[in-house]
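Secondary and tertiary structure notes
What follows is the residue order along each chain.
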Amino acid sequence: MKSDTPRGLTRRQLLFSSMTGLAAGAAATAKAATLTGIPPWQPFDHNGPMHYDSPGWRFFTEDEVRVVTAMVDRLIPADELSVSGSDAGCVVFMDRQLAGSYGDASRLYMSAPFQEGTPEQGDQSRFTPRERVRLGLTGLEKLCQSRHRQSFSGLTAEQQDALLAELEKGGISLEGMDSKLFFEQVLGNTMEGFFGDPIYGGNRDMVSWKMIGFPGARYDYRRHIAQHNQKLDLVPISIIGGDSWNARASK
């Protein structure tokens, strides 16, 4: 009786056996290595951040600094847990980020066509972060002058909160910029500045890390890896704050 099963290897069997052989070969030749001591490299060797301790503003004008300071201090006001957003360095963080490649979106695909996408597709706007912030600040100042005859930074805390709430809902028509898009840009950058590594200008003295108990950019966690659900009380370390990050291994 003739068998229905073809002789030799089928295409699926051939592919499967080939992949199995490659995996086995890789496993046989791979050798694990453990690095000890100080790493022989430094972070950002070839792509360093714009350090926050250099004087002056890189993107914002003095008038814009006053407005952005007022905004971040209403988004993150000082309380018993931490300092305000501006005291934590959020404005400096935003200034340095907007002045660099993030601000002009030079590492993103920003060519037409531009059209509204689904929430799953993320941001589809044609505006770079720089344009969103600058156009948004200009529109906000014109609105404040029209409504209150003064800058946003001169309003009461209650008036500022009410305006920010309108921006968040997209209920304000800003000249040249969608109000919700502008608010989301400022809010996102404020949060990044507050919780990011201090190397970028925000989170001064690692205030947010100390508040939430985050140990920071430690090079080695092996001694703590088995300590589950325990408070470690580790002093936070910035990328540029630890000897293991700053010094090079001797050759």
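The structure contained in this document is the topic of the report that follows. Values in this document were obtained by computation on a predicted structure and should not be read as measured data. Sequence positions are assigned chain by chain, starting from 1 and proceeding in written order. A pLDDT threshold of at least 70 governs which residues receive local features in this predicted model, and a stricter bar of 80 or more applies before side-chain atom pairs are shown or counted, although totals over entire chains, interfaces and linings include all residues. Here the side-chain values reflect all heavy atoms present in the structure, with hydrogen atoms and water set aside.

With respect to the packing of aromatic side chains
Heads up, the rule is: A pair of Phe, Tyr and Trp rings is counted when the ring centres sit within 6.5 Å of each other, with Trp represented by its six-membered ring. The angle between the planes then sorts it: under 30 degrees is stacked, over 60 is edge-to-face, the rest tilted. The cut-offs for exposure are 20% and 50% of the maximum accessible area for each residue type, with area from a 1.4 Å probe on protein chains only; residues under the lower value are buried, those over the upper are exposed, and the others partly exposed.
Applying the stated rule across the entire model yields 3 aromatic pairs. Here the aromatic rings of phenylalanine 194 and phenylalanine 195 are separated by 5.0 Å at their centres, their planes lie at 90°, and the arrangement is edge-to-face. Classification of phenylalanine 194 as buried rests on a relative accessible area of 3%. Taking 5.0 Å as the distance between ring centres and 80° as the angle between the ring planes, the aromatic pair formed by tryptophan 209 and phenylalanine 214 counts as edge-to-face.

What about the pattern of salt bridges?
Here is the rule we go by: Any carboxyl oxygen of Asp or Glu within 4 Å of a side-chain nitrogen of Lys or Arg constitutes a salt bridge here. Under the scheme used here, helices are H or I runs from DSSP no shorter than 4 residues and strands are E runs no shorter than 2 residues, and both carry numbers assigned from the N terminus.
Inspection of the entire model under this criterion finds 8 salt bridges. Aspartate 63 is paired through a salt bridge with arginine 66; the nearest N and O atoms lie 2.1 Å apart. Residue aspartate 63 and its partner arginine 66 are located together in helix H2 (residues 62–75), separated by 3 residues, close to a single helical turn. Arginine 66 sits in the partly exposed class, given a relative accessible area of 45%.

Focus: the environment of serine 208
Defined as follows: Any pair of residues with heavy atoms lying within 4.5 Å of one another is described as a contacting pair.
Examined against the element boundaries, serine 208 turns out to sit in helix H8 (residues 207–212). Given a relative accessible area of 0%, serine 208 falls into the buried group. Separated by 126 residues in the primary sequence, serine 208 and serine 82 have C-alpha atoms spaced 7.2 Å apart. If near-sequence neighbours (up to four positions away) are discounted, serine 208 is found in contact with Phe194, Phe195 and Asn203.

Shape descriptors only; they carry no functional weight alone.
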